[in-house]
Amino acid sequence: MKRMEETVRSRLVGLFPRRRRGRLVRDYFLISVFLILAGLIASALVELYFRYQESQESIALLQQEVASSAAFKIESFLQEIKAALKTATKSREIAVKGLVPEYKFELERLLLTAPAITELVAVDAEGVTRVKASRLRSALTHVGRSSEISESFRRAMQGGSHFGPVYFVRGSEPYMSIAVPMERFAGNTIGALQAEVNLKYIGEVVSNIKVGKAGYAYLVTRSGGLVAHPDVSLVLQRRNVAQLEQVKAAFQANPNVGKPKAVVTRSLQGTKVFSSYALIRSLDWAVFIERPVAEAYEPLYASILRTSGVLLFGLGMALVVGLFVARRVVRPLQTLRQGVERIGDGDLSFRLELKTGDEIEVLAEEFNKMTRALQESYANLEQKVAARTQELRLANQRLDEASKHKSQFLANVSHELRTPLNAIIGFTRLVLRKTEGQIPELQRENLQKVLISAEHLLKLINGLLDLAKIEAGRMEVSVEQFRLDEVVETAVSTVEPMLEDGKVRLVTEIAADIPTLNTDRQKLEEILLNLLSNAAKFTEQGEVRLKAWREDQGLKLVVSDTGVGIKKEALGHIFEAFRQADVSGPGRSAGTGLGLAIVKRLVDLLGGNISVESEVGKGSKFTLSLPFVLGG
């Protein structure tokens, strides 16, 4: 009874395994939360990435527009001065009289209308100063000015205008020279008009540019000199900013068309800024607009905060949904699992009480139905097991009685059949020996047939009894040491008289490295005799070959022939008792199908295995593997 209960309990545990307890519910819950969180985080990151790109583009576009506007204003300011100079060269005095002292009046009037001009010099075609006007008491002097006047004069005499480099007067304000040609009429250049322009007005334009809270602008020449900057001291110190990355990018030799005109880099003060620039190509200057990165990215940071808030809100909603799922799904599933575990432990009286109104409740009801069925089956199981146990006990008794009867029958057959057969064989041989030459040849042949039939019958009876002993487990094994060639020689000498004279050859190939065998010699000899006699019996011409060699610490034996072969469908039952293959040829009707069955059982008894390959009309091959030492 106790064993029966343990069996039922083990069956229930098999139906409701405990392995990975709680993993399904937990994994699905965690996966759901993870997917929700991953989706929210991924969408937030994508949003932040595109917001970052859009913010950069927006900032770059805004600062680029401001820089371009400032560059346009500066260029327009200088172009207006150049236009005023060109207008002054077309006065009536120039057209009628040329460079005369009266022309100074025209230059003084130009000084009044253009406050940025501090000095005007009119030079004739020979480079001699003819007229000069200045709003300063002393003339402007600076290093290199003579050569600059020469360059301006040369360019003006060639009919072109010239904007000179920036220079500083008395270490204070920056100046530059603008020269235009003077013509009495088209193509007749009589000299040049050069103006010295104070660039503090450009500094005012640059200083008035405000971008955001802390954004600023500054003006730089190609050589890196500061022309204007909100911090005037930097201009007066003649700071060179050619080493800045934004300056290098602006004045590079071959700027890429698609290269952005905004970079994140360091300012002259070393702070991290968002810098944009616009070139003034006629002057070879560049206007830079810079804002601190923290200020430029302030809208982006605000967007990040908003997105983070939305993400946190989404995470909160995900947790709320998770708690809802846990309440509506996870807890009922846990209750269901605990109930199933109790049922699995054998408590068939337990019932699941779940009222969720969904599929889980239906599942619990189905489990309750199953538990009732198991409980009813268990109630009748003891009676059924007892009845089946009684039936098995009676069946075992009958089998024991049948085994005893079989053993008794075998003993009787051994005594009753072998004794008279041995007498028949003995008396037949005695008669043949005593009557040699005294009886007719026909009678002698009949006696010889009687002897052959009796010996064949005795062989069949011996085979039947051997098979019965093997199946009953009464076949004893006698282990001894011997050489394989001794057994082969005995088997071959016994089989050779069965071969067709001159038509069938018996060939043996025994490897020299086969060690001494330690097994049952008699049974191995019987195996070889059966295989060789079968091969000889079904081979009309050709050869019967026995090969033996060492393989994988064991003995390999192959008996092959060139006989009639075996049909493919017969190979599956060739080693069954009382089954013969459907073959044609000599010896077709001989035997009862016990030979190969006995061979198979003897091979198993010796710890080996045997297989067969055959093709109709081409012969058969039996392959036998045996250990050198029985049980080794």
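Note that the structure is a prediction, hence the values are computed from the model and not measured.

Draft legend 1. Just the overall build of the chain, in detail. When helices and strands are tallied, the chain shows 15 helices and 18 strands. Burial analysis of the chain (632 residues in total) assigns 38% to the buried set. For the chain, the share of sequence-separated contacts (at least 6 apart) that also reach a separation of at least 24 residues comes to 62%. Surface accessibility of the chain: about 36,700 Å² in total, with carbon and sulfur atoms responsible for 55%.

Draft legend 2. Local environment of unusual backbone geometry. One non-glycine residue, Arg238, lies in the positive phi region at around 55°. As for its position among the elements, Arg238 is in the loop between helix 7 (232-236) and helix 8 (245-250). What makes Arg238 partly exposed here is its relative accessible area of 48%.

Draft legend 3. Layout of the nonpolar core. In this structure, Leu78, Leu85, Tyr103, Ile117, Leu193, Leu219 and Trp285 are the most contacted members of the largest nonpolar core, which totals 45 residues. Considering every element that reaches this core, the biggest residue donor is helix 2 (residues 23-88), with eight residues. Core analysis: the second largest hydrophobic core is formed by 42 residues, Leu506, Ala535, Ile610 and Phe622 among them.

Draft legend 4. Expanded view of empty space enclosed by the protein. What the rule picks out here adds up to two cavities of 30 Å³ or more. Volume-wise, the second largest cavity comes out at about 30 Å³. The wall of the second largest cavity is formed by Leu517, Thr519, Leu555, Leu606, Leu626 and Pro627. Each residue belonging to the lining of the second largest cavity can be placed in one class, and the counts come to five nonpolar, one polar and no charged.

Draft legend 5. Representation of helix 13 (residues 484-495) in the model. Between its terminal C-alpha atoms helix 13 stretches 17 Å, which fits the 16 Å expected from 12 residues at 1.5 Å a residue. Within the span of helix 13, buried status applies to Leu484, Val487, Val488, Ala491, Val492 and Val495. What you see down the axis of helix 13 is that its buried residues fit within an arc of 130°, all on one side. Lining the buried residues of helix 13 we find strand 12 (480-482), strand 13 (504-510), strand 14 (517-519), helix 14 (521-537), strand 15 (542-551) and strand 16 (554-561).

Draft legend 6. Inspection of the pattern of salt bridges at higher detail. Taken as a whole and judged by the stated rule, the model has 15 salt bridges. Arg521 is the salt-bridge partner of Glu486, the closest N and O atoms lying 3.2 Å from each other. Linking Glu486 in helix 13 with Arg521 in helix 14, this pair joins segments that are 35 residues apart in sequence. The partly exposed category is assigned to Glu486, whose relative accessible area is 33%.

Draft legend 7. Local environment of the packing of helix 14 against helix 15 (residues 595-605). Two numbers describe how helix 14 lies on helix 15: the axes approach to 10 Å, and their chain directions differ by 145°. With respect to the hand of their crossing, helix 14 and helix 15 are arranged in left-handed fashion. Of helix 15, the residues touching helix 14 (which contributes Lys523, Glu526, Ile527, Asn530, Leu531 and Asn534) are Gly595, Leu596, Ile598, Val599, Leu602, Val603 and Leu605. Its residues placed into classes, the contact of helix 14 with helix 15 shows eight nonpolar, three polar and two charged.

Draft legend 8. The pairing of strand 11 (residues 285-292), seen in detail. Most of strand 11 sits out of view: seven of its eight residues are buried. Strand direction decides the pairing type here: strand 7 (residues 216-221) and strand 11, joined by six bridges, are antiparallel. Note on strand 11: the bridge partner recorded for Leu219 is Val287. As paired elements, strand 10 (residues 272-280) and strand 11 share eight bridges and run antiparallel to each other. Residue pairing for strand 11: Val273 is matched across the bridge by Pro292. In this antiparallel pair of consecutive strands, strand 10 and strand 11, the connection spans four residues, and Asp284 shows a positive phi of 65°.

Draft legend 9. Structural context of the sheet that holds strand 16. Read across the sheet, five strands follow the order 13-15-16-18-17 without closing on themselves; strand pairing throughout is mixed. Both outer strands of the open sheet, strand 13 and strand 17 (609-615), are each paired with one neighbouring strand and no more. When strand polarity is set aside, the average angle formed by the axes of neighbouring strands in this sheet is 10°. The strands touched by helix 13 within the sheet are strand 13, strand 15 and strand 16, with strand 13 carrying the most contacts at an inclination of about 175°. Against the sheet, helix 15 engages strand 17 and strand 18 (619-627), with an angle of about 145° to strand 17.

Draft legend 10. Inspection of the packing of helix 13 against helix 14 at higher detail. Packing of helix 13 against helix 14 brings their axes to within 9 Å, and their N-to-C directions diverge by 40°. Regarding the angle of helix 13 to helix 14, the classification is oblique. Here helix 13 runs over helix 14; the crossing is right-handed. Side by side, helix 13 and helix 14 meet where Leu484, Glu486, Val487, Val488, Thr490, Ala491, Val492, Thr494 and Val495 of the first sit next to Arg521, Leu524, Glu525, Leu528, Leu529, Leu532, Ser533 and Ala536 of the second. Considering only residue class, the contact of helix 13 with helix 14 consists of 11 nonpolar, three polar and three charged.

Draft legend 11. Layout of the environment of Leu48. Relative to the assigned elements, Leu48 resides in helix 2. Judged by relative accessible area, Leu48 falls into the partly exposed class, the value being 22%. Residues Leu48 and Leu300 lie 252 residues apart in sequence; the distance between their C-alpha atoms is 8.4 Å. Setting aside its immediate chain neighbours within four residues, Leu48 contacts Ile304 and Thr307.

Draft legend 12. Region of the structure containing the side chain of Glu106. Along the chain, Glu106 turns up in helix 4 (residues 104-113). Aside from chain neighbours lying at most four places away, what touches Glu106 is Ala88 and Ser91.

Draft legend 13. The arrangement of the confidence of the model for the chain in detail. Across the chain, the average pLDDT comes to 77, with 79% of residues at 70 or higher. Low pLDDT, under 50, characterises residues 585-590; the predicted model gives this stretch 13 contacts beyond four residues in sequence or across chains.

Draft legend 14. Quick look at helix 14. Counted at 1.5 Å a residue, the expected span for helix 14 with its 17 residues is 24 Å, and the 24 Å between its end C-alpha atoms agrees. Listed as buried for helix 14 are Lys523, Leu524, Glu525, Ile527, Leu528, Asn530, Leu531, Leu532, Ser533, Asn534, Ala535 and Ala536. The distance from a side-chain oxygen at the start of helix 14 to the backbone nitrogen of Gln522 is 3.1 Å, and the residue carrying that oxygen is Asp520.

Draft legend 15. Region of the structure containing the sheet that holds strand 10. On the basis of which strands lie adjacent, the open sheet formed by five strands has the order 8-7-11-10-9 and antiparallel pairing. Strands at the two margins of the open sheet, each flanked by one partner only, are strand 8 (226-228) and strand 9 (262-266). Between one strand axis and the next, the sheet turns through 40° on average, direction left out of account. Helix 6 (residues 200-207) contacts strand 7, strand 8 and strand 11 of the sheet and is inclined by roughly 145° relative to strand 7.

Parameters and conventions
Residues numbered from 1 in each chain as written. Predicted model: local features only at pLDDT ≥ 70, side-chain atom pairs only at ≥ 80, totals over all residues. Heavy atoms only, no water. Helix = DSSP H or I, 4+ residues; strand = E, 2+ residues; numbered from the N terminus. Buried < 20%, exposed > 50% of the residue type's maximum accessible area, 1.4 Å probe, protein only. Contact = heavy atoms within 4.5 Å. Areas by Shrake-Rupley, 256 points an atom, 1.4 Å probe, with all protein chains shown as cover. Core = buried A, V, L, I, M, F, W, Y, C linked by side-chain atoms within 4.5 Å. 1 Å grid on protein atoms, 1.4 Å probe; cavity = no way out; pocket = protein on both sides within 12 Å on 5 of 7 lines; lining within 4 Å. Points joined across faces, edges and corners; volume = space filled by probe spheres on them. Nonpolar A, V, L, I, M, F, W, Y, C, P; charged D, E, K, R; others polar. Expected span 1.5 Å × (residues − 1). Arc of directions from axis to C-beta. Salt bridge = Lys/Arg side-chain N within 4 Å of Asp/Glu carboxyl O. Axes fitted to C-alpha atoms, helices over the stretch in contact; angles between N-to-C directions. Left-handed = near helix turned anticlockwise from the far one by under 90°. Pairing = 2+ DSSP bridges. Parallel < 35°, antiparallel > 145°, perpendicular 65-115°, else oblique. pLDDT = per-residue confidence, 0-100. Polar contact = N/O pair within 3.5 Å; in protein donor to acceptor, adjacent residues only side chain to side chain.

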